[in-house]
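# Structural overview for review
Residues per chain are reported as follows:
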Amino acid sequence: MTEETDEELVAQLRRGIRAAAERLARRHLRACRAVALAVSGEAAAAEDVAQDAFVQAIERIDDCRQPDRFRAWLLQIVRNRARNLVRDRRDARHESVDVVPLYNRSPLPDADAANAELRDRLLTALAKLPGTRREVLLLHDLEGWKHEEIADALALPVGTVRSHLHHARRAMRRELEEMRE
Amino acid sequence: MSEIDERPIDLSALDPERDAGRWDALVAATVARADAALAARSRSALDTIAGWSRPLLLAAALLVALLVPAEMLLDARERRAEQVQRLVTISVDWSRGDAPTGSELARALTPGARP
């Protein structure tokens, strides 16, 4: 059986078919979380943002003008929510003296201490990259998206995506190397 | 320009499904919230229809309330007019020497009787 396209699932959602929401969540929630992580730099917050953004997209599904581009539309909602979160946290930091930096804040519980340390190092290195490069790197090297898919979701030329990925990897290797020394 | 870096960075430490139980719980919670949002959406559509139907029903009831007495009034007038018409016809015929029978006279004097 062929898998339904996003466009078909959006049409089902508009008819109130709830199973379509589950299929879309299973298909896109990881990418939502990756984009939220790229913008916020915080794993726990990224999960909250991904969930909130997905629910918001379902609530506003009638506003999705190009159902065949549902994924790009959804990720834009994620980006906006994550940016709002970062801005709110920054504002709060100016008001409070004991707020910890956004990156590495409230790490997820991780039974594996070595993995927790590695995750923190990766997040710290990621924080040094420009936002778009973080997003490209996470979507490609973590989520396994193709260059063309990233280009479509980010509305960038494929060549630019390749260039961002190249520079992001180089910068990450350098940062991680420096951390080891 | 230097060679394109084709080697992926190992980001598996950031993979949300390293803790599969936690990730499944997040997906389930997201689906539950999406379900609730969809239910609220369809409720709101029904409310919109209800919002339209309520005044429409009220207007229809008002129309019926006005039309029924009007119809009854017109019907009564019509019956009276028919009765007068029958009496006039009988009187004219009688004056010409064509005397009505008892039953014709009774019908003409009975309101609502068919000619």
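Values in this document were obtained by computation on a predicted structure and should not be read as measured data. (Residues numbered from 1 in each chain as written. Chains lettered and ligands numbered in written order. Predicted model: local features only at pLDDT ≥ 70, side-chain atom pairs only at ≥ 80, totals over all residues. Heavy atoms only, no water.)

## Side note on the overall build of chain A
- Within chain A, the regular secondary structure consists of 8 helices and 0 strands.
- For chain A, the C-alpha radius of gyration of 17 Å lies close to 16 Å, the compact-globule estimate for 181 residues.
- In terms of its C-alpha atoms, chain A occupies a principal-axis envelope of roughly 55 × 40 × 30 Å.
- Look at the contacts in chain A between residues 6 or more apart in sequence, and 60% of them connect residues 24 or more apart.
- On chain A, the mean spot of the 32 positive side-chain charges and the mean spot of the 32 negative ones are 3 Å from each other. (Helix = DSSP H or I, 4+ residues; strand = E, 2+ residues; numbered from the N terminus. Rg over C-alpha atoms; globule rule 2.2 N^0.38 Å. Contact = heavy atoms within 4.5 Å. Lys, Arg positive; Asp, Glu negative; His and termini not counted. Charge placed at Lys NZ, Arg CZ, Asp CG, Glu CD.)

## A word on the nonpolar core
- If you look at the biggest cluster of nonpolar residues, it comprises 69 residues, and the most contacted ones within it are A:Leu137, A:Leu138, A:Met172, B:Leu11 and B:Leu14.
- Here the element with the most residues in this core is helix α2 (residues 19-40) of chain A; it accounts for 13 residues.
- Discounting chain neighbours no more than four positions away, the residues touching A:Leu138 are A:Ala34, A:Leu37, A:Ala38, A:Leu126, A:Glu143, B:Leu11 and B:Leu14. (Core = buried A, V, L, I, M, F, W, Y, C linked by side-chain atoms within 4.5 Å. Buried < 20%, exposed > 50% of the residue type's maximum accessible area, 1.4 Å probe, protein only.)

## Details of unusual backbone geometry
- Residues other than glycine seldom take positive phi values, yet A:Ala155 does so here, at roughly 55°.
- Its location among the elements puts A:Ala155 in the loop between α7 (147-154) and α8 (158-180).

## Concerning the interface of chain B and chain A
- Contact residues are listed per partner, giving 31 residues for chain B and 39 residues for chain A.
- Contact between chain B and chain A buries roughly 3500 Å² in total, counting both sides, with carbon and sulfur atoms accounting for 61%.
- The largest per-residue losses of area from chain B upon contact with chain A belong to B:Ile9, B:Leu14 and B:Arg41, which jointly make up 20% of the total buried on that side.
- Where chain B packs against chain A, one counts 5 salt bridges. (Buried area = accessible area lost by both parts, 1.4 Å probe. Salt bridge = Lys/Arg side-chain N within 4 Å of Asp/Glu carboxyl O.)

## Let's talk about the environment of A:His167
- Residue position: A:His167 is located in helix α8.
- It is 25 Å that separates the C-alpha atoms of A:His167 and A:Ala116, two residues lying 51 residues apart in sequence.

## Description of the confidence of the model for chain A
- Averaged over all residues, the pLDDT of chain A is 89; the fraction at 70 or higher stands at 90%.
- In this model, residues 97-105 of chain A is a region of pLDDT below 50 whose contacts with residues beyond four sequence positions or in other chains number 24 contacts. (pLDDT = per-residue confidence, 0-100.)

## Digging into the pattern of salt bridges
- With the rule as written, the count across this model stands at 22 salt bridges over all chains.
- Among the salt bridges present, the one from A:Arg30 reaches A:Glu143, with a minimum N-O distance of 2.8 Å. Of the two residues, A:Arg30 is situated in helix α2 and A:Glu143 in the loop between α6 (131-142) and α7; the sequence distance between them amounts to 113 residues. For the pair formed by A:Arg30 and A:Glu143, the shared burial category is buried.
- What you see here is one network of salt bridges that share partners, running through A:Arg30, A:Glu143, B:Asp15 and B:Glu17.

## Here we look at the state of the cysteines
Residues and elements named next belong to chain A.
- Tallied over the full model, the rule gives 0 disulfides over all chains.
- In this structure Cys32 is not part of a disulfide, and its nearest cysteine sulfur, from Cys64, lies 13 Å away.
- Residue Cys32 is classed as buried on the basis of its relative accessible area of 0%.
- Residue class for Cys64 comes out buried when judged on its relative accessible area of 2%. (Disulfide = S-S within 2.5 Å.)

## Observations regarding the packing of aromatic side chains
All names here are of chain A.
- Overall, the coordinates contain 1 aromatic pair over all chains when judged by the stated rule.
- The interplanar angle of 45° and the centroid separation of 6.0 Å between the aromatic rings of Phe70 and Trp73 together place this pair among those described as tilted. Placement of the pair is Phe70 and Trp73 together in helix α4 (residues 70-95), with a separation of 3 residues, close to one helical turn.
- On the accessibility criterion, Trp73 (18% relative accessible area) is buried.
- Against the face of Trp145 rests Arg71, its NZ or CZ located 3.9 Å from the ring centre. (Phe/Tyr/Trp six-rings, centres within 6.5 Å; stacked < 30°, edge-to-face > 60°. Lys NZ or Arg CZ within 6 Å of the ring centre and 35° of its normal.)

## Considerations on the confidence of the model for chain B
- Overall, the predicted model of chain B reaches an average pLDDT of 84, with 92% of residues at or above 70.
- Confidence metrics for the complex model read pTM 0.71 and ipTM 0.84.

## Details of helix α5 (residues 113-127) of chain A
All names here are of chain A.
- Taking 1.5 Å per residue as the helical rise, α5 with its 15 residues ought to reach 21 Å, and the 21 Å between its terminal C-alpha atoms agrees with that figure.
- Looking only at α5, the buried set comprises Asn115, Ala116, Arg119, Leu122, Leu123, Ala125 and Leu126.
- Those residues of α5 that are buried lie in contact with α2, α6 and α8. (Expected span 1.5 Å × (residues − 1).)

## Considerations on the environment of B:Ile90
All names here are of chain B.
- Within the fold, Ile90 resides in helix α1 (residues 20-95).
- Taking C-alpha positions, Ile90 is 6.6 Å from Pro100, a pair spaced 10 residues apart along the chain.
- Residues within four places of Ile90 in sequence aside, it is in contact with Pro100, Glu104, Leu105 and Ala108.

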